[in-house]
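Chain by chain, the residues:
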Amino acid sequence: MAHSTTTTLTQTEQPTLTRRQLLQACLLGGGLAVSGFSLLHWLIGPRLTAQTFIVHAQTYEADLAILIRQGFQELGITPLEIKGKRILLKPNLVEPHQSLAPINTHPLVVRGAVEAFLSMGAASVVVAEGPGHRHDTLLVLEESGLADVLYEDRIPFRDLNTMEGIVRPNLGGQTTMATLTFPRVIQEVDWVVSLAKMKTHHWAGATLSMKNFFGVMPGNYYGWPKNVLHQAGIPQSILDINATLKPHFAIVDGITGMEGDGPIMGNPVQSGVLVMGRNLPAVDATCCRIMGINPNKIEYLRKADQWLGPIHESLIEQRGESWEHVYHPFALVPEIPAHQGIRLT
């Protein structure tokens, strides 16, 4: 599996504490935990930091390639870094309904990402997905409208559900699975990019760039709708996949998202943003705040914090718009256990 040489995280210096400060910190530990800041992480440092970029995009008719290129620039991604790279874009394709905009990553977001990477000198771009709910990947591709875009732009598509697998040691260790089987295309590319959709989720609370990689795992090995991963534990599987795959970048389509009983049965919500970054936990934590969700209440994000990346607001440098400026609370369903107690306050 190829990896970028670019470091995606930075570290801040370890704080020096006096005996009195340590005692005060212990006494205040409950309050720090409530705010989402781990007392242990504060004491032991150094702490992981990251950058995310938010940009307004009110409609899909905006020049999304330009906006994504703007994100590259703000996040320090140069043409020299992209030149000659083989890019895999992983959209979120769930159901074959072009009219249901909040379910699937919009085809024009995929086109914008393709154009942005090619204009930066990428050697190739391939779009790949393994839908969890449908055995017929091509049906989802065609009915979602993405097939037309890829055909017009002459961009190849790979069906990950039926692809031969390659076995990798499970570097996450959150499930009992000793190994994970990825589609072989993963070892044929240099960058793996999550093109996720901004949605609430009836099991995980929120589904964003990290959860999107369930679709990388081949259905021929993991079943439908990736039953092996569900049985192993959704939060745990999300962490294992991301820790092992080590994705390079994320772009979340929040122009039209889904609120309520997502990721399929919810309602469209116009949040009018794209969110992107090198570090996926930081990107997803930022998306959660935009959605009015406390990222510390999403199990896989809480466990990813200071392991796969930062989720605390003070450790994420925000580029472009602030999340407060585009804050748009998504509707939650009180009867759904995963939605209970996750509202950002």
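Residues numbered from 1 in each chain as written. Predicted model: local features only at pLDDT ≥ 70, side-chain atom pairs only at ≥ 80, totals over all residues. Heavy atoms only, no water.

### Section: the confidence of the model for the protein chain
- Mean pLDDT over the protein chain stands at 89; residues scoring 70 or higher make up 84%.
- A low-confidence stretch, residues 1–17 stays under pLDDT 50, and its non-local contacts, those more than four residues away or across chains, total 48 contacts.
- In this model residues 28–38 is a low-confidence stretch, pLDDT under 50, and it forms 12 contacts with partners more than four residues away in sequence or in other chains. (pLDDT = per-residue confidence, 0-100. Contact = heavy atoms within 4.5 Å.)

### What to know about a negative patch on the surface
- Residues D136, E142, E143 and D148 make up a contiguous surface patch of negative charge.
- If you trace the backbone, E143 turns up in helix α7 (residues 137–143). (Patch = residues over 30% accessible without salt bridge, like charges linked within 9 Å, V, L, I, M, F, W, Y side chains within 5 Å. Areas by Shrake-Rupley, 256 points an atom, 1.4 Å probe, with all protein chains shown as cover. Salt bridge = Lys/Arg side-chain N within 4 Å of Asp/Glu carboxyl O. Lys, Arg positive; Asp, Glu negative; His and termini not counted. Charge placed at Lys NZ, Arg CZ, Asp CG, Glu CD. Helix = DSSP H or I, 4+ residues; strand = E, 2+ residues; numbered from the N terminus.)

### Focus: the pairing of strand β4 (residues 124–129)
- Burial analysis of β4 places five of its six residues in the buried class, the great majority of the element.
- Pairing between strand β3 (residues 86–91) and β4: four bridges, direction parallel. From the neighbouring strand, I87 faces β4, where its bridge partner is V125.
- As defined by bridge partners, β4 adjoins strand β5 (residues 157–159) across three bridges and the pair is classed as parallel. Bridge assignment links E129 to a residue of β5, and that residue is D159. (Buried < 20%, exposed > 50% of the residue type's maximum accessible area, 1.4 Å probe, protein only. Pairing = 2+ DSSP bridges.)

### Considerations on unusual backbone geometry
- Cis peptide bonds are those with omega within 30 degrees of zero, and the linkage from W224 to P225 qualifies with -10°.
- Its place among the elements puts P225 in the loop between α9 (219–222) and α10 (227–232).
- At the junction of G262 and P263, the peptide bond is cis and its omega measures out at 15° in the coordinates.
- Examined against the element boundaries, P263 turns out to sit in the loop between β10 (249–259) and β11 (267–269).
- Positive phi outside glycine occurs at R154, with the angle close to 55°.
- Relative to the assigned elements, R154 resides in the loop between α8 (146–153) and β5.
- The exposed category is assigned to R154, whose relative accessible area is 77%.
- Phi angles above zero are rare outside glycine, and K226 is one such case at about 55°.
- Topologically, K226 is positioned in the loop between α9 and α10.

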